[in-house]
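Letter by letter, the chains look like this.
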Amino acid sequence: MTKGDDGTKDKLIATKERWAREGRLLTGAAADPAERLPPGQHEVRNWPVLDLGVQPELTREKWHLRVDGLVANKIAWRYADLLAQPQTRQISDIHCVTSWSRYDMPFEGVSALHLLEQVQPLPEARHLMVHSFDGYTTNLPLELFAAPDVLIAHSAEGRPLTREHGGPVRLVVPKLYFWKSAKWISRIEVLSEERLGFWEERGYHRIGDPWTEERYS
Ligand SMILES: Nc1nc2c(c(=O)[nH]1)N[C@H]1C(S)=C(S)[C@@H](COP(=O)(O)O)O[C@H]1N2
Ligand SMILES: [Mo]
């Protein structure tokens, strides 16, 4: 993989931008959410690694998460604070826009619903921008973050998340394409107006529902 001066996978980024322009993998079909495999996807048994090429070297001691913007209570959690919250286990299917889906992934962490209870979004809050330690960003509607299966996850398959899969802490949003599940999360910004994240600025969908094939904008 060719990497830019800053270590990012420039070729991969260019290829994925081209896919967005060409509408690659679009089947034109919509599946019922009751159907397990979204259109254009296939099941894999491994867990592929996808990112921009820079996997930050974060220890648990160095990791922290800020939640700010349109909230009544801003929070800043260290790893121990995350573990001190009620813990949730959730088995989810995950769906990457590059067409792989993986069934029955056990994740563990703090539910987004609990986090939202702590921060209390203001009435005008509608959107989120998620920031990561590698400089990655992704946006999603607050309403979809507030789903019961969304986790601020520190473990997968019964083990602490590895660095390549976003450890020590990543977001998991199972009902949206997996690019919304930011690895190495550092900050969740609560907004009234939508802003676009890294892939969303490069032609990927603002929401990203796999069952209606919201791959591209
Ligand atoms: N911080 C960060 N999070 C990220 C990415 C990234 O480049 N940086 N890539 C996204 C994409 S495109 C996908 S498909 C998933 C892949 O997660 P995985 O490597 O654990 O499978 O992470 C998402 N989260
Ligand atoms: Mo992806």
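Residues numbered from 1 in each chain as written. Chains lettered and ligands numbered in written order. Predicted model: local features only at pLDDT ≥ 70, side-chain atom pairs only at ≥ 80, totals over all residues. Heavy atoms only, no water.

### Things to note about the overall build of the chain
Applicable threshold: Helix and strand assignments come from DSSP, with helices taken as H or I runs of at least 4 residues and strands as E runs of at least 2, each series counted from the N terminus. Every radius of gyration here is taken over C-alpha atoms, with the globule rule written as 2.2 Å times N^0.38, N being the number of residues. Between buried and exposed lies partly exposed: a residue is buried under 20% and exposed over 50% of the maximum accessible area for its type, with that area taken using a 1.4 Å probe on protein chains only. Only the protein chains shown count as cover for residues, with accessible areas throughout obtained via the Shrake-Rupley method and a probe of 1.4 Å. Note that His is not counted, nor are the chain ends; the positive residues are Lys and Arg, and the negative ones are Asp and Glu. In plain terms, the charge of a residue is placed at NZ if it is Lys, CZ if Arg, CG if Asp and CD if Glu.
Counting its secondary structure elements, the chain contains four helices and 11 strands. The C-alpha atoms of the chain give 17 Å as radius of gyration, which agrees with the globular expectation for 217 residues (17 Å, within 12%). The C-alpha extent of the chain, read off along each of the three principal axes, is 45 × 40 × 35 Å. With 217 residues in all, the chain has 53% of them scored as buried. With the model as given, the accessible surface of the chain reaches about 10100 Å², and the carbon-plus-sulfur share is 49%. Distance between charge centres in the chain, computed from 28 positive and 31 negative side chains, equals 4 Å.

### Overview of the site of ligand 1
Rules: The nearness test applies per residue and asks whether one of its heavy atoms lies within 4 Å of the molecule or strand. In protein, a polar contact requires one atom able to donate a hydrogen and another able to accept it; more generally it is a pair of N or O atoms within 3.5 Å, and residues adjacent in sequence count only if both atoms are side-chain atoms. Cavity and pocket criteria rest on a 1 Å grid covering protein atoms alone: a 1.4 Å probe that fits but cannot get out defines a cavity, protein on both sides within 12 Å along at least 5 of 7 lines defines an open pocket, and an atom within 4 Å of a point defines a lining residue. In this description, a molecule resides in a pocket or cavity if more than half of its atoms sit within 2 Å of the grid points defining it. When residue character is reported, Ala, Val, Leu, Ile, Met, Phe, Trp, Tyr, Cys and Pro are called nonpolar, Asp, Glu, Lys and Arg charged, and the others, Gly included, polar.
Neighbouring residues of ligand 1: 21 residues in total, closest Pro 48, Asp 134, His 165, Arg 170 and Lys 183. Residue Leu 50 places a main-chain N or O atom 2.9 Å away from an oxygen atom belonging to ligand 1. Between ligand 1 and the protein, one listed contact pairs an oxygen atom with a side-chain N or O atom of Lys 183 at 2.6 Å. Contact with the protein chains removes 99% of the 530 Å² of surface that ligand 1 exposes when unbound. Here ligand 1 occupies the largest cavity. Partitioning the shell around ligand 1 into residue classes produces 13 nonpolar, three polar and five charged.

### A word on empty space enclosed by the protein
Note the cut-off: Grid points are joined across faces, edges and corners, and a volume is the space filled by probe spheres set on the points.
Counting across every chain of the model gives one cavity of 30 Å³ or more. Every residue lining the largest cavity is counted, 22 residues in all, and those nearest its centre are Leu 50, Asp 51, Phe 178, Trp 179 and Lys 183. Grouping the amino acids of the lining of the largest cavity by side-chain chemistry returns 14 nonpolar, three polar and five charged.

### Overview of the pattern of salt bridges
Spelled out, the test is: Salt bridge, as applied in this entry: a Lys or Arg side-chain nitrogen positioned within 4 Å of an Asp or Glu carboxyl oxygen.
Taken as a whole and assessed by the stated rule, the structure comprises 16 salt bridges. Note that Asp 51 and Lys 183 form a salt bridge whose closest N and O atoms lie 3.1 Å from each other. Separated by 132 residues along the polypeptide, Asp 51 in the loop between β1 (42-43) and β2 (64-69) and Lys 183 in the loop between β10 (170-172) and β11 (185-191) bring together distant segments of the chain. Across the salt bridge formed by Arg 102 and Glu 157, the nearest N and O atoms sit 3.0 Å from each other. Here the residue Arg 102 occupies a position in strand β5 (residues 100-111), and Glu 157 occupies one in the loop between β8 (151-156) and β9 (159-160), the gap between them amounting to 55 residues. On the basis of relative accessible area, Arg 102 is assigned to the buried category, the value being 13%. Given the relative accessible area of 30%, Glu 157 is considered partly exposed. Here the salt bridges share partners, and the residues they tie into one network are Arg 66, Asp 68, Arg 187, Glu 189 and Arg 195.

### Structural notes on the side chain of Asn 139
In plain terms, the rule: By definition in these notes, contact holds between two residues if any of their heavy atoms fall within 4.5 Å.
Mapped onto the elements, Asn 139 comes out in strand β7 (residues 137-141). Once residues within four sequence positions are removed from consideration, Asn 139 is found in contact with Leu 128, Met 129, Lys 180, Glu 194, Arg 195, Leu 196, Gly 197, Glu 200 and Arg 206.

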